[in-house]
Amino acid sequence: MIKSAVAQQMPAWNFAYSRPGFLTFKAAEPMEAEAALIAQQTPFARSGGWTIDRIVAESAAERAAQFWAMAAELPFSAIHVWQRDHVAPDRSNFEPGNPAAAAEAVAAIAAAAPDSHAPWRDVAAFNRTAGRGQQVLDCILIDENSWCLGRHRADRIESRWPGGVPALERPEPMVSRAYLKMAEALAWSRLPLQAGDRCVEIGSAPGGASQCLLERGLWVMGIDPADMDPAIAAHPNFVHVRKRGADLKRSAYRSIRWLAADMNIVPAATLDIVEAIVTHRQVQIRGLLLTLKLRDWTLVDEIPAQLDRIRSWGYRDVRTRQLGYNRREICVAALKSRAQRRSPVRRKFSGSS
């Protein structure tokens, strides 16, 4: 998908070195703004920037020395060290944004920091959420003995996170990894949810996403014929409706202001159910968080038309992104207008700005 997007938007770029989860392209002239634009416009590009060079050496100490030889004279305010996604999320126990995977590299880079960059001898200085507009150095862990040094400007919220993934705090216990998907979706989308707001989640079982919403003080109605986790079902701000979203009377949604949906059906079927709800004259849904399943990659071609369909319901601010914690699916965030967005929720992911 990313190769196709680049071919259409930047035909002068030539495909270069790549590994699963990591793509590079060559251009005749530096085009950092264009690289950032590709990452912004392509939902499957989590992070984008400009490559400086590859770093290849047997030991982490040697690679760290090469890092500073290239980076010491560059302007930057943040350093992000992160591992490419070598497998899909949740496969072989892999999850994106795992700081442990980068710990050895961070320690080596910190130990090798020259006197001119003494503050970077503190490992805590790495992988913080970058400030808006800051120049960021990216050290991407490609293979066992190979890194890639790059840089980008932190403008959009996702470009401020290492590798485009927020460092989430996991609750104990966590009902399901749907918690992580919802937490990332809220941080990225900046939907202006407030404690006490009423939300419906269609396809809620076993309750990971509802757990995330309840932690933020929302009242949640979970719609799913399957069983919920007992702790979620017993929560005083949760109501379980053992039905499918299409089977519930529209009047039940009259007090709801936010709608989330994550159903194991094709995107068109998800949109059919949501459209019947949000376009009803008695319903006033302010914003949406929809997970669209891509069972077949050919469904990607339908995404532009599906986003137009959501806009036809009166949601003018419609964005989509394959989140770090998404599998073969994308997240769609929709608001009536862009003015509704607010500063991202920081309560559940670490970092500083």
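One can find the structure itself at the top, above this paragraph.
Residues numbered from 1 in each chain as written. Predicted model: local features only at pLDDT ≥ 70, side-chain atom pairs only at ≥ 80, totals over all residues. Heavy atoms only, no water.

So, the overall build of the protein
- Scanning the protein from terminus to terminus reveals nine helices and 13 strands.
- Its C-alpha atoms give the protein a radius of gyration of 21 Å, within 12% of the compact-globule value 20 Å for 353 residues.
- C-alpha atoms of the protein, sized along the principal axes, occupy 65 × 45 × 35 Å.
- For the protein, buried positions account for 50% of its 353 residues. (Helix = DSSP H or I, 4+ residues; strand = E, 2+ residues; numbered from the N terminus. Rg over C-alpha atoms; globule rule 2.2 N^0.38 Å. Buried < 20%, exposed > 50% of the residue type's maximum accessible area, 1.4 Å probe, protein only.)

Section: the pairing of strand β11 (residues 287-293)
- Across the seven residues that make up β11, a large majority, seven, are buried.
- Neither face of β11 is exposed, since G287, L289, T291 and K293 on one face and L288, L290 and L292 on the opposite face are all buried.
- Of the pairings in the sheet, the one linking strand β10 (residues 258-262) to β11 comprises five bridges and is parallel in character. What sits directly across from D262, in β11, is T291. (Pairing = 2+ DSSP bridges.)

Here's the deal with the sheet that holds β10
- Spatially, β9-β8-β7-β10-β11-β13-β12 is the arrangement adopted by the seven strands of the open sheet, whose pairing is mixed. Looking along the sheet, the strands with just one partner apiece sit at the ends: β9 (238-241) and β12 (317-321). Averaged over all adjacent pairs, the angle separating strand axes in this sheet is 15°, with direction ignored.
- Summarising the sheet, β12 and strand β13 (residues 329-335) pair through five bridges and their orientation is antiparallel. Directly across from T320, in β13, lies its bridge partner V332. (Axes fitted to C-alpha atoms, helices over the stretch in contact; angles between N-to-C directions.)

Some points on the sheet that holds strand β4 (residues 78-83)
- With mixed pairing, four strands are arranged side by side in an open sheet as β3-β6-β5-β4. For this open sheet the edge positions go to β3 (50-56) and β4, each flanked by a neighbour on one side alone. Averaged over all pairs of adjacent strands, the angle between strand axes in this sheet comes to 20°, irrespective of strand direction.
- Pairing between strand β5 (residues 135-143) and strand β6 (residues 146-153): eight bridges, direction antiparallel. Residue pairing across strands places L137 opposite R151, the latter belonging to β6.
- Taken strand by strand, helix α4 (residues 99-111) contacts β4, β5 and β6, and its axis lies near 140° from that of β4. (Contact = heavy atoms within 4.5 Å.)

Points about the packing of aromatic side chains
- For the coordinates displayed, the defined rule picks out five aromatic pairs.
- With 6.5 Å between their ring centres and 45° between their planes, W68 and F76 make a pair best called tilted.
- Classification of W68 as buried rests on a relative accessible area of 5%.
- Ring centres of W120 and F126 lie 5.3 Å apart, and the angle between their planes is 70°; this geometry places the pair in the edge-to-face category.
- The exposure class of F126 is buried, given its relative accessible area of 5%.
- Across from the ring centre of W188, 5.2 Å away, lies the NZ or CZ of R319, which sits over that ring. (Phe/Tyr/Trp six-rings, centres within 6.5 Å; stacked < 30°, edge-to-face > 60°. Lys NZ or Arg CZ within 6 Å of the ring centre and 35° of its normal.)

Brief notes about α4
- The end-to-end C-alpha separation of α4 is 17 Å, in line with the 18 Å expected for 13 residues at 1.5 Å each.
- Of all the bends in α4, the greatest, near 30°, is centred on A105.
- Three or more residues of α4 are buried, namely A102, A105, V106, A108, I109 and A110.
- Of the surrounding elements, those touching the buried residues of α4 are α3 (60-71), β4, β5 and β6. (Expected span 1.5 Å × (residues − 1). Bend = angle between axes of the 7 residues up to and from the residue.)

Some points on a negative patch on the surface
- Together, E58, E62, E104 and E144 line one region of the surface with negative charge.
- Tracing the backbone through its elements, the reader meets E58 in the loop between β3 and α3. (Patch = residues over 30% accessible without salt bridge, like charges linked within 9 Å, V, L, I, M, F, W, Y side chains within 5 Å. Areas by Shrake-Rupley, 256 points an atom, 1.4 Å probe, with all protein chains shown as cover. Salt bridge = Lys/Arg side-chain N within 4 Å of Asp/Glu carboxyl O. Lys, Arg positive; Asp, Glu negative; His and termini not counted. Charge placed at Lys NZ, Arg CZ, Asp CG, Glu CD.)

Quick word on the nonpolar core
- Ranked by size, the top nonpolar core spans 35 residues in total, and within it I202, L259, L288, L290 and I310 carry the most contacts.
- Of all the elements, helix α8 (residues 267-278) adds the most residues to this core, at five residues.
- If we skip the residues at most four places from it in the chain, I202 touches I223, G245, Y253, L259, A260, A261, D262, M263, I273 and I277.
- In this structure, L180, A183, A185 and L335 belong to the second largest nonpolar core, which totals 32 residues. (Core = buried A, V, L, I, M, F, W, Y, C linked by side-chain atoms within 4.5 Å.)

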